[in-house]
Amino acid sequence: MHWLHSVAATAPSYPAVWLVDTQERPGNLAERSRLRRGTARLVVARQLGSAGAGCVIAHGPAGQPRIDGPGAGGLRISLATRAGIVAVALARQPVGVDVELVDPAGAIPREALHPEERRMLDAVAAGARPLAFARLWAAKEAYVKALGTGFLHPPESFAVSLPSPERFNVDDPSRGIAAEGFLRTVENGGRETLAAAAIVLDRA
């Protein structure tokens, strides 16, 4: 996985994720959508060069983003926004990306977690738990985006584990999927800490 941090950067191969600090703070869902799509257009245009000139960021029937245009060549895209950071993931296979804010005061929705995830978080020191949960939830969001289902696929029905600060694993017996994803920690200009997760699936 290639991680980049500027819309002007190009990836040498796929999959790749851009984590762009836009310095913007969208106030509602419509503004967040515009920010995601605008940033994605810049990334795609730069990445594809002249082939990307006619590409647009559209949405499929279930709302998932897609690249339309003669230069897209079947390239898959996933988008996320949090605290001014826009994540854009590109891959040749189904891909998902998410970014979550590390919130030391945030409540953990234990009922939405797999029993193994609850046990894992319980074993983490209290001070490290907000970062562990942000990584865990970003990984779960990224996975269901790659599936194309969102949380219509219940979050408690599959288990994410965190073997290292750079990797996560997904075990989803209901779909016969065992997959590995990638993690990144982002310092948002010294204002916040965020956890980013991305995953590419052989099949969705």
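This text goes with the structure placed above it.
Residues numbered from 1 in each chain as written. Predicted model: local features only at pLDDT ≥ 70, side-chain atom pairs only at ≥ 80, totals over all residues. Heavy atoms only, no water.

Peer 1: Explain helix 1 (residues 29–48) here, please?
Peer 2: It helps to recall that an α-helix has 3.6 residues per turn; residues three or four apart then point in one direction. For helix 1, with 20 residues, the first-to-last C-alpha span of 28 Å sits near the 28 Å given by 1.5 Å per residue. Within helix 1, burial applies to Leu35, Gly38, Thr39, Ala40, Val43, Val44, Gln47 and Leu48. Where helix 1 is buried, its residues touch strand 2 (16–21), strand 3 (56–59), strand 4 (65–68), strand 5 (76–82) and strand 6 (85–91). Measuring from the backbone nitrogen of Ala30 back to the side-chain oxygen at the start of helix 1 gives 3.1 Å, which picks out Asn28 as the cap. (Helix = DSSP H or I, 4+ residues; strand = E, 2+ residues; numbered from the N terminus. Expected span 1.5 Å × (residues − 1). Buried < 20%, exposed > 50% of the residue type's maximum accessible area, 1.4 Å probe, protein only. Contact = heavy atoms within 4.5 Å. Polar contact = N/O pair within 3.5 Å; in protein donor to acceptor, adjacent residues only side chain to side chain.)

Peer 1: Could you clarify how one ought to interpret the pairing of strand 3 in this entry?
Peer 2: Consecutive residues of a regular strand have side chains that alternate between opposite faces of the sheet. In the sheet, strand 3 pairs with strand 4 via four bridges, with the strands oriented antiparallel. Considered in strand 4, the bridge of Ala58 is made with Arg66. Adjacent in sequence and paired antiparallel, strand 3 and strand 4 are bridged by five residues, among which Gly63 carries a positive phi angle near 95 degrees. (Pairing = 2+ DSSP bridges.)

Peer 1: What is the right way to read the sheet that holds strand 6 from this model?
Peer 2: Picture the strands of a sheet paired through backbone hydrogen bonds; they go either parallel or antiparallel. With respect to topology, four strands assemble into an open sheet ordered 1-2-6-5, the strand pairing being mixed. Since the sheet does not close on itself, it has two edges, and those belong to strand 1 (2–4) and strand 5, each with one partner. Here the strands of the sheet are splayed against their neighbours by 15 degrees on average, with no regard to which way each runs. Bridge count between strand 5 and strand 6: seven bridges; the pairing is antiparallel. For Arg82, the partnering residue across the bridge sits in strand 6 and is Ile85. (Axes fitted to C-alpha atoms, helices over the stretch in contact; angles between N-to-C directions.)

Peer 1: Can you help me understand the packing of helix 2 (residues 115–122) against helix 3 (residues 129–147) in this one?
Peer 2: Helix packing for two helices is described by the angle between their axes and how far apart those axes are. Contact geometry of helix 2 with helix 3 gives a least axis separation of 10 Å together with a crossing angle of 155 degrees. Here helix 2 lies roughly antiparallel to helix 3, going by the angle between them. As helix 2 runs across helix 3, the sense of the crossing is right-handed. Contact residues: Glu117, Met120, Leu121 and Asp122 in helix 2; Arg129, Ala132, Phe133, Leu136 and Lys140 in helix 3. (Parallel < 35°, antiparallel > 145°, perpendicular 65-115°, else oblique. Left-handed = near helix turned anticlockwise from the far one by under 90°.)

Peer 1: How do you make sense of the nonpolar core when you look at a structure like this?
Peer 2: Most often, soluble globular proteins keep nonpolar side chains buried together rather than apart. Residues Tyr143, Val160, Phe168, Val170, Ala197, Ile199 and Leu201 are the most contacted members of the largest nonpolar core, which totals 24 residues. For this core, the elements supplying multiple residues, two or more each, are helix 3, strand 9 (167–172), strand 10 (177–187) and strand 11 (193–200). Excluding residues within four positions of it along the chain, Val160 makes contact with Glu117, Met120, Leu136, Ala139, Lys140, Phe168, Asn169 and Val170. With 20 residues, the next largest nonpolar core counts Trp18, Leu35, Ile57 and Val86 among its residues. (Core = buried A, V, L, I, M, F, W, Y, C linked by side-chain atoms within 4.5 Å.)

Peer 1: It is not clear to me how unusual backbone geometry should be interpreted in this structure. Could you clarify?
Peer 2: The peptide bond linking Tyr14 to Pro15 adopts the cis configuration, its omega dihedral lying at 5 degrees. Among the structural elements, Pro15 can be located in the loop between strand 1 and strand 2. Within the chain, Gln23 stands out as a residue other than glycine whose phi angle is a positive 70 degrees. Located in the positive-phi region is Ala83, a residue other than glycine, with phi close to 50 degrees. Along the chain, Ala83 falls in the loop between strand 5 and strand 6.

Peer 1: What am I meant to see in the side chain of Glu141 here?
Peer 2: Residue position: Glu141 is located in helix 3. Buried charge without a partner: Glu141 forms no salt bridge, and the closest opposite charge is Lys145, 5.2 Å away. Look past the residues within four positions of Glu141 in its chain and what remains in contact with it is Asp98, Glu100 and Phe151. (Lys, Arg positive; Asp, Glu negative; His and termini not counted. Salt bridge = Lys/Arg side-chain N within 4 Å of Asp/Glu carboxyl O.)

Peer 1: Help me understand the environment of Gly106, please; the structure alone is not making it clear to me.
Peer 2: Mapped onto the elements, Gly106 comes out in the loop between strand 7 (95–101) and helix 2. Placed 24 residues apart in sequence, Gly106 and Pro130 show a C-alpha to C-alpha distance of 7.6 Å.

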